[in-house]
Each structure stands twice: as structure tokens, then as C-alpha cells.
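These are the residues of each chain, in order.
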Amino acid sequence: MSQLPPQLTACPVCHEPLEPADNFCGGCGADLSAVPPAPGRARADGWRQPDTPVVRGADDYRLAPPAGGVPTQPAHGASPGGACAACRSGMIDKDGYCEHCGHAQPRERDHMEHESAGVAAVTDRGLRHHRNEDAYAVSTTDLAGGRTVVAVVSDGVSSASRPDEASAAACAAAHAALVEDLERGAPPREATHRAIVLAAEAVAGLAAAPAPRPREHEHYRQENAPACTIVSAIVTGDLLTVGWVGDSRAYWVPDDRATQPARLTEDDSWAAQMVAAGLMSEAEAYADERAHAITGWLGADAYEVEPHTASYHPDRPGVVIVCTDGLWNYAESAEHMAAVVPPDARTRPLECARRLLTHALDGGGHDNVTVAVLPFPAPREGAGSA
């Protein structure tokens, strides 16, 4: 992995602070090996600097959508020519920044929340990225076999083009396929496998389609195919089914904290490969700057997509946490995640999701943060959310 020159501590395009291992700007996506260090307009985006650095690999990526569905197109800031939401005096340029104070304008996807019976979800841009490149889609459906809850979370790869579109497309395709297959009686694990394959096809299809509108700083971004990770969870009856590609994760946290929590997914990442091969301990691998380089993803330039699926029969109540690495970077182990999840998470899932978001932001908020919380077992038909 190439290293940045020691003197390059901020992006020459958008002035986002950089870390030594960054090959692409986490703010605007500029290719730092290709962009000349030309002066640019200073922007006061108000992002808080983290107290401690978080280790990121060259494939650092992320993104996010709403709960009952996903935006068909990425959400942009205020319309050009409108008044600045920060200083109220400047005008908004075509890139969504104030011409007077330089603030980026709020976007629909900067922060979104959803709660319904059986699931809650929150997504946030975080403190370091200029847009949210995570996505989620969640729903609760009463089927013949009882209440079924579905959650899909995706993390756009920032070093690829249009990562926000990739994650939105993946969530929309996977969620639609899951609901359709479960309604026709397909086994959850079979439905999960098919849903991820269809999500992969949807993301791959973006490579052949032009961006729907010019994107800020897009001429600086390497034109590789849109890409993302994906993780899903289904709760139906006494069965919990998860599926994933990449390093977005699912965790099990029981109500009784005297019993063991568990991580339900295994990352497709450099760090996971090193641990599996016995070449490094988990602590050593995740402390390495290459830790988050992913070895599996959805996109036209991905190798053959091999969805991972698993089913479980939890024997006690608890919650399923489905999230991007913008959260688990700050609660990596199952024990650490369980320590952050509040005791009343099963009855107040939205408050749990907000607590987890706050934990990530307080830890530095280096990435977009997305989390869905699914109470287990799912609430009975007709039960409202707490």
C-alpha cells in the first residue's frame, strides 16, 4: 500500500484532515496519488476532530438510506442559489457549499431514523465524511408463519465511484427480494442467498449507467466501479438468519448479560484472513493499517460473489445488532458491543440505536455510522413499538 508524503496532512481539494495511510480523501473521494496539491477554497464544515486516531485501511468505505425503503437517487444538499443553513447570509454553490462561510449544507441522508414494531434503525454521516455513504432498509411484515422482521445494511466503498448509489441500490434490491421470497414461503436462508445475489447484480449494473447528475469533486475520483458491502438479518418465529458480503456485521446481545453475546458474521477482510490463517492474533490484525482492506464486496469489479448465510435458534430474549464498521470500529468484540447496548434495548430499540450512534461519534466518528436493532423474539402481531 502506498503511503502519502509526510507533509500531506490535509486533502488538497476539500481540506479534509488526512491520516498517513489514506490513498483517497474520506471527505471528497479525491485520489491523493493523482491530485496535484493545488490550493482550494477553505471550508469550515464544523467537523470535530477525534481525540484519538482510528486505524483505517486503504479500502476505507461507507454509506446509508431510510427505513421503509431507500432513496432512488442520492440526496443532495440545498438547491444552488438558496440561503446557507449555517450563516443565513451566503448563497449555495452547485457543489452544495456556502459561498460565504464554506459550510456544507445538510442533506437528507446526513441523519435518518426509523422505528416500527420489531425494528429500529439510525444512520448518520459521522464527523469526518462530507456525505453519508451507508444505506439501510428495514420492515416488519405479518406473514402466515407470524411476524417477520427484515433489516438490510450496506456500506459504500469510498474509494470507488458513486458509493452512496451503490449502497442504496444494494439495500433496495436485497430488501425487495427478501420480502418477496418470504411472502411466498421461501426458507429464510434461501431467500437471503438470493437477495444478496440480486443486490450484487443491482450494484454491478450501476457501472454501465452514468451518474444521474454531476457529483461534487467527481472529476477527481478514480473511475472504478461502484461498490459496497452488505449485511442482512431476518427474525421470524424462533429463527434468526443473517447474510453478508464484506465487513459489515451482525451481533447477538442477550437480555441476560450474564450469558455470552456473540458476533454472528465473519469479515471478508485482510485482518480476518490473517487471523484465520493463524498469522496474527485478532488484536494484532485489527491494529494493522491494512485491517479494513476488504476481500469481498458487491460491484462490477468484484470476483464471483459468494454470499455467506447462517441461521440460529436463540434460546433466550435479546437483540440483534446489524451495523457498518463506522460503529463496530468503536465496539469491535461482542463483549464490547454488549457493554454499550443498554439493558432495555429490546423494549426501546430506537433509543438503543441512538445510544450506539452516540458511542461511535464520541469515539471519533471517523466514518459514516449505521445500525439497525432487531428485538428477539419479534413482537407479536398488533403490538406497537415501545
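Residues numbered from 1 in each chain as written. Predicted model: local features only at pLDDT ≥ 70, side-chain atom pairs only at ≥ 80, totals over all residues. Heavy atoms only, no water.

Engineer: Would you mind going over the pattern of salt bridges in detail, with residue names and values included?
Structural biologist: Overall, the coordinates contain 16 salt bridges when judged by the stated rule. With its nearest N and O atoms 2.9 Å apart, the salt bridge here joins Asp142 to Arg147. Residue Arg354 is joined to Glu351 by a salt bridge in which the shortest nitrogen-to-oxygen separation is 2.6 Å. You can see Arg354 and its partner Glu351 sitting in helix α7 (residues 349–362), 3 residues apart, about one turn around the helix. You can call Arg354 partly exposed: its relative accessible area is 31%. Under the relative-accessibility criterion, Glu351 is labelled partly exposed at 32%. (Salt bridge = Lys/Arg side-chain N within 4 Å of Asp/Glu carboxyl O. Helix = DSSP H or I, 4+ residues; strand = E, 2+ residues; numbered from the N terminus. Buried < 20%, exposed > 50% of the residue type's maximum accessible area, 1.4 Å probe, protein only.)

Engineer: Can you explain unusual backbone geometry? Please cite residues and give values.
Structural biologist: Following Phe376, the chain continues into Pro377 via a peptide bond in cis, with omega recorded as -5 degrees. Turning to its location among the elements, Pro377 is positioned in the segment after β12 (369–376). In this structure, Arg162 takes a positive phi of about 50 degrees despite not being glycine. Take Arg162: it is sitting in the loop between β4 (146–156) and α1 (163–183).

Engineer: Now, about the nonpolar core: what can you tell me, with residues and values included?
Structural biologist: With 36 residues, the main nonpolar core has Ile321, Leu327, Met337, Val341, Leu356 and Val371 as its most contacted residues. A total of 7 residues in this core trace back to one element, the largest contributor, which is α7. Apart from the residues lying within four places of it in its own chain, the contact partners of Met337 are Tyr251, Ile321, Cys323, Leu327, Trp328, Ala331 and Leu356. Judged by nonpolar contacts, the second largest core, of 25 residues, contains Ala177, Val203, Leu206 and Ile230. (Core = buried A, V, L, I, M, F, W, Y, C linked by side-chain atoms within 4.5 Å. Contact = heavy atoms within 4.5 Å.)

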